[in-house]
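Architecture and fold: a report
Residue-level listing of the chains:
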Amino acid sequence: MVVGGTPLRIQNQLKRDSGYGCSICGCPLLEYIRIDPSRNTSGYLPENMTAICPNHNQKFSKYEVSSAQLFDFKANPHNKINANNSFAINSAELIVNIGKTKFINTNRILLVDDFDLVAIRKENNLYLVLDINFFDAQNNLIGVVSENSWITDKKQDWNIDYEPRHLRIRNPTKRISFEAKIENDEIFITAEMYYNGVAVNVSKEQILLGGIEEGIELKGTTLKNYDTGISLQTNK
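So, a few notes on the structure that sits alongside this text.

What counts and how
Residues numbered from 1 in each chain as written. Predicted model: local features only at pLDDT ≥ 70, side-chain atom pairs only at ≥ 80, totals over all residues. Heavy atoms only, no water. Phe/Tyr/Trp six-rings, centres within 6.5 Å; stacked < 30°, edge-to-face > 60°. Helix = DSSP H or I, 4+ residues; strand = E, 2+ residues; numbered from the N terminus. Buried < 20%, exposed > 50% of the residue type's maximum accessible area, 1.4 Å probe, protein only. Lys NZ or Arg CZ within 6 Å of the ring centre and 35° of its normal. Pairing = 2+ DSSP bridges. Axes fitted to C-alpha atoms, helices over the stretch in contact; angles between N-to-C directions. Polar contact = N/O pair within 3.5 Å; in protein donor to acceptor, adjacent residues only side chain to side chain. Contact = heavy atoms within 4.5 Å. Arc of directions from axis to C-beta.

Turning to the packing of aromatic side chains, a few remarks are in order. One pass over the structure, following the stated rule, counts eight aromatic pairs. Arranged with centres 6.4 Å apart and planes meeting at 75°, the rings of F134 and W150 form a pair that is edge-to-face. Pair noted here: F134 is in strand β7 (residues 127-135) and W150 is in strand β9 (residues 149-152), with a separation of 16 residues, a long-range link. Residues F134 and W150 agree in their burial class; the two are buried. An aromatic cluster of at least three residues, connected via ring pairs, comprises F115, F135 and Y195. When the ring centre of Y44 is taken as reference, the NZ or CZ atom of R34 above it lies at 5.6 Å.

Here it is, written out as structure tokens:
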């Protein structure tokens, strides 16, 4: 069962215990559940809770994953026993590629009107921690990734796909997507997002704001230790 309103300190402990990914598959989008609801119907006991991705949460709710299996995964989480396949980078530096620009050691990767749409940092100098804000074309906030915690209205049409070191988040109804892939200890970001009703499209080759290419002067460059990465303005 999903534990709504899980205290932040409990979330953080469960994230640390699982290596900042789903205990079963390593996906970095996390929800927090009681493994055996009969043990405690109130309160938050970390020993009876774990962090898993939305996909495996659905499987657990449909009894496709048992409580006994979840306790095993909690004791032996994917990212701890499959370190080479975790959503993490071993490099001492955080390297993010977005729209033909490479940023080194910059956490705030994509901003629009000084608002963070995408931020990435490392935890324990290894695991990647994501902050992403998903708005629809009407500027409604419909999904949030907050330090890898996944928050959304369950009625929203989200598809989350994960394979080792490759995360895809899509909402086909709203024409929203985000993709982060790790290759050679570098992160590559592509996305279709909105802010203030304006489309923000990030491909491997360019960044478009409302269909107009932005950041042309940064293409092909490597920037290190900047406070912010790509910063766009809808009102110019």
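On we go.
Here we take up the sheet that holds β7. Strand order in the open sheet formed by six strands is β9-β8-β7-β6-β5-β18, and the pairing between neighbours is mixed. The open sheet has two edge strands, β9 and β18 (228-232), and neither has a second partner. Strand-to-strand twist across the sheet, computed as the mean angle between neighbouring axes with direction ignored, equals 10°. Here five bridges tie β7 to strand β8 (residues 141-146), and the two strands are oriented antiparallel to one another. Directly across from D131, in β8, lies its bridge partner S146.

Let's shift gears to the side chain of N133. Locating N133 in the fold gives a position in strand β7. A distance of 2.9 Å separates a polar atom in the side chain of N133 from the backbone oxygen of D116. Here N133 is in contact with F115, D116, L117, L141, G143, V144 and M193, once residues within four sequence places are set aside.

A separate point is helix α2 (residues 54-61). Taken as a whole, α2 has its buried residues at P54, H56, N57 and F60. One face of α2 carries all of its buried residues, which in axial projection span an arc of 160°.

On to the pairing of strand β4 (residues 101-104), then. Bridging between strand β3 (residues 95-98) and β4 involves four bridges; their strand directions are antiparallel. Bridging from a neighbouring strand, N97 pairs with K102 of β4. Linking β3 back to β4 in an antiparallel pair, the connection comprises two residues, with G99 at a positive phi of about 55°. In this structure, β4 lies alongside strand β17 (residues 222-224), joined through three bridges in parallel fashion. Bridge pairing in β17 links I104 to K224.

Such coordinate-based values are descriptive only and should not be taken to indicate function.
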